[in-house]
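For reference, the chains in residue letters:
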Amino acid sequence: MFHLALLALLVQQAPVKVEVPGTSVAFDVIEVPAGALKPYRIATRETTWADFNAFFETKDAAVDATTRPTRAIAYFGQVGVPANFLEPKKPATNLRWHSAIAYCDWLSKKTGMYFRLPTEPEWEHAAKAGGDGSVVEDQTWHKGNSGERTHDTGEKKPNAWGLYDMAGNLWEYVLEFHDGGEFDPVVKGGCWSTAAADLKIARRQKVPLNWFEEDPNRPRSVWWLTNKDQSQGVRVVCVADAADKDARAAAAAKVEVKILGKAE
């Protein structure tokens with residue numbers, strides 16, 4: 001126990017700043033005591049609108065040659081999302097899973113490092129921070145204390161490994177599918193509108209199909225935003241790029257994504 005506490009202290013004292021070339025985006029990552037997992041670094045905070053807007057404003061055609069990110073301020077203004085959810089220091093919300101993946105891809109190409117969403121074991125390991133998974137009140141925003149809104153990342157106390165808002169504030173996407181190979185991703189951690197009693201590190205929630213159905217565009221823009229439930233966002237991890245980049249890109253190019261409707 002003493003050894004684990006010492007590791008936690010060392011990690012918390014040594015965040016690494018990531019700066020994205022050509023932008024004002026900068027955020028901290030820490031390397032967590034990986035245990036049985038392969039080593040990885042995880043962002044200390046959720047991705048903010050300032051971060052995601054730099055992605056929106058990019059002129060890098062290589063990120064996506066087919067579509068572009070939706071301009072959140074204009075889109076949310078049309079569909080009635082409150083303006084106080086869109087402030088630059090607030091965590092980026094209403095992101096769809098494909099949007100989260102595209103953002104990670106952009107970070108990877110801009111920095112030369114390999115960013116992705118955390119796997120569910122990675123996310124839970126970081127959220128527990130060497131503990132038993134109990135949720136601590138002064139580390140979380142939930143239905144009882146959030147004032148019915150998101151909060152700037154880092155307003156609450158961090159966990160033992162220096163990570164903010166692992167429970168509450170926003171549900172966070174994880175990488176792998178929920179069951180088998182079908183598109184069925186999950187989010188973790190609860191959000192600002194989750195009851196305090198329901199904030200559990202192990203809890204998972206499937207992505208509701210209405211997050212896709214509400215897209216006003218026809219054909220639907222599979223990459224970007226939804227106007228439903230201001231509750232979901234992104235926290236990135238940085239890992240060693242073990243897979244061959246060219247092979248991974250070739251495999252990704254073969255994937256065809258179609259959103260047919262709620263009853264598909």
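Residues numbered from 1 in each chain as written. Predicted model: local features only at pLDDT ≥ 70, side-chain atom pairs only at ≥ 80, totals over all residues. Heavy atoms only, no water.

This next bit is on the pairing of strand β2 (residues 26-31). Judged from the four bridges that link them, strand β1 (residues 16-19) and β2 form a sheet pairing that is antiparallel. Note on β2: the bridge partner recorded for Glu-19 is Ala-26. Between the antiparallel neighbours β1 and β2 lie six residues, among them Gly-22 with a positive phi of about 80°. Across three bridges, the pairing between β2 and strand β3 (residues 41-43) is antiparallel. Note that in β3 the partner of Ile-30 across the bridge is Ile-42. (Pairing = 2+ DSSP bridges. Helix = DSSP H or I, 4+ residues; strand = E, 2+ residues; numbered from the N terminus.)

Below, the discussion takes up the sheet that holds strand β4 (residues 114-116). With antiparallel pairing, five strands are arranged side by side in an open sheet as β1-β2-β3-β9-β4. At either margin of the open sheet sits one strand with a lone partner, and together these are β1 and β4. Neighbour to neighbour, the strand axes of the sheet diverge by 35° on average, direction disregarded. With respect to the sheet, helix α4 (residues 97-111) is in contact with β1, β2 and β4, its orientation differing from that of β4 by roughly 170°. (Axes fitted to C-alpha atoms, helices over the stretch in contact; angles between N-to-C directions. Contact = heavy atoms within 4.5 Å.)

Moving on, we get to unusual backbone geometry. A positive phi angle is found at Asn-94, which is not glycine, with a value near 65°. Position of Asn-94 among the secondary structure elements: in the loop between α3 (72-79) and α4. In this structure Asn-94 comes out as buried when scored by relative accessible area, which is 0%. Phi at Asp-165 is positive, roughly 60°, even though this residue is not glycine. By secondary structure assignment, the location of Asp-165 is in the loop between α5 (120-128) and β5 (171-177). (Buried < 20%, exposed > 50% of the residue type's maximum accessible area, 1.4 Å probe, protein only.)

Okay, the nonpolar core next. The biggest cluster of nonpolar side chains holds 37 residues, and the ones touching the most others in it are Phe-27, Leu-107, Tyr-173 and Val-236. Counting residues per element, the ones that place at least two in this core are β2, α2 (49-56), α4 and β5. At seven residues, the largest contribution of residues to this core is made by α4. The next biggest cluster of nonpolar side chains, apart from the first, holds 18 residues, and it includes Leu-163, Val-174, Val-186 and Ile-201. (Core = buried A, V, L, I, M, F, W, Y, C linked by side-chain atoms within 4.5 Å.)

Turning to the pattern of salt bridges, a few remarks are in order. For the structure on display, the rule yields 10 salt bridges. One salt bridge connects Arg-235 with Glu-172, and the closest N-O pair in it is separated by 2.8 Å. Placement of the pair is Arg-235 in the loop between β8 (232-233) and β9 (237-239) and Glu-172 in strand β5, with a sequence separation of 63 residues. Glu-172 carries the same exposure label as Arg-235, and that label is buried. Counted as one network, the salt bridges with shared partners bring together Glu-120, Glu-124, Lys-188 and Arg-204. (Salt bridge = Lys/Arg side-chain N within 4 Å of Asp/Glu carboxyl O.)

In this section: α4. Along an α-helix, residues three or four positions apart point the same way, because every turn accommodates 3.6 residues. For α4, which comprises 15 residues, the first-to-last C-alpha distance of 21 Å matches the rise-based estimate of 21 Å (1.5 Å per residue) to within 8%. Buried within α4 are the following residues: Trp-97, His-98, Ser-99, Ala-100, Ala-102, Tyr-103, Cys-104, Trp-106, Leu-107, Ser-108 and Thr-111. At the C-terminal side of α4, Gly-112 shows a positive phi close to 80°. (Expected span 1.5 Å × (residues − 1).)

Moving on: the packing of aromatic side chains. Counted according to the given criterion, the structure contains eight aromatic pairs. Ring pairing ties together the aromatic residues Trp-49, Phe-52, Phe-55, Tyr-103 and Trp-106, which thus form one cluster. Above the plane of the ring of Tyr-164 lies Arg-45, whose end atom (NZ or CZ) is 4.7 Å from the centre. Sitting over the face of the ring of Trp-141, Lys-156 holds its NZ or CZ atom 4.6 Å from the ring centroid. (Phe/Tyr/Trp six-rings, centres within 6.5 Å; stacked < 30°, edge-to-face > 60°. Lys NZ or Arg CZ within 6 Å of the ring centre and 35° of its normal.)

With that settled, the discussion passes to the side chain of Ser-108. Residue placement: Ser-108 occurs in helix α4. For Ser-108, a relative accessible area of 13% puts it in the buried group. Looking at Ser-108, its side chain comes within polar contact range of the main-chain nitrogen of Phe-115, at 2.8 Å. (Polar contact = N/O pair within 3.5 Å; in protein donor to acceptor, adjacent residues only side chain to side chain.)

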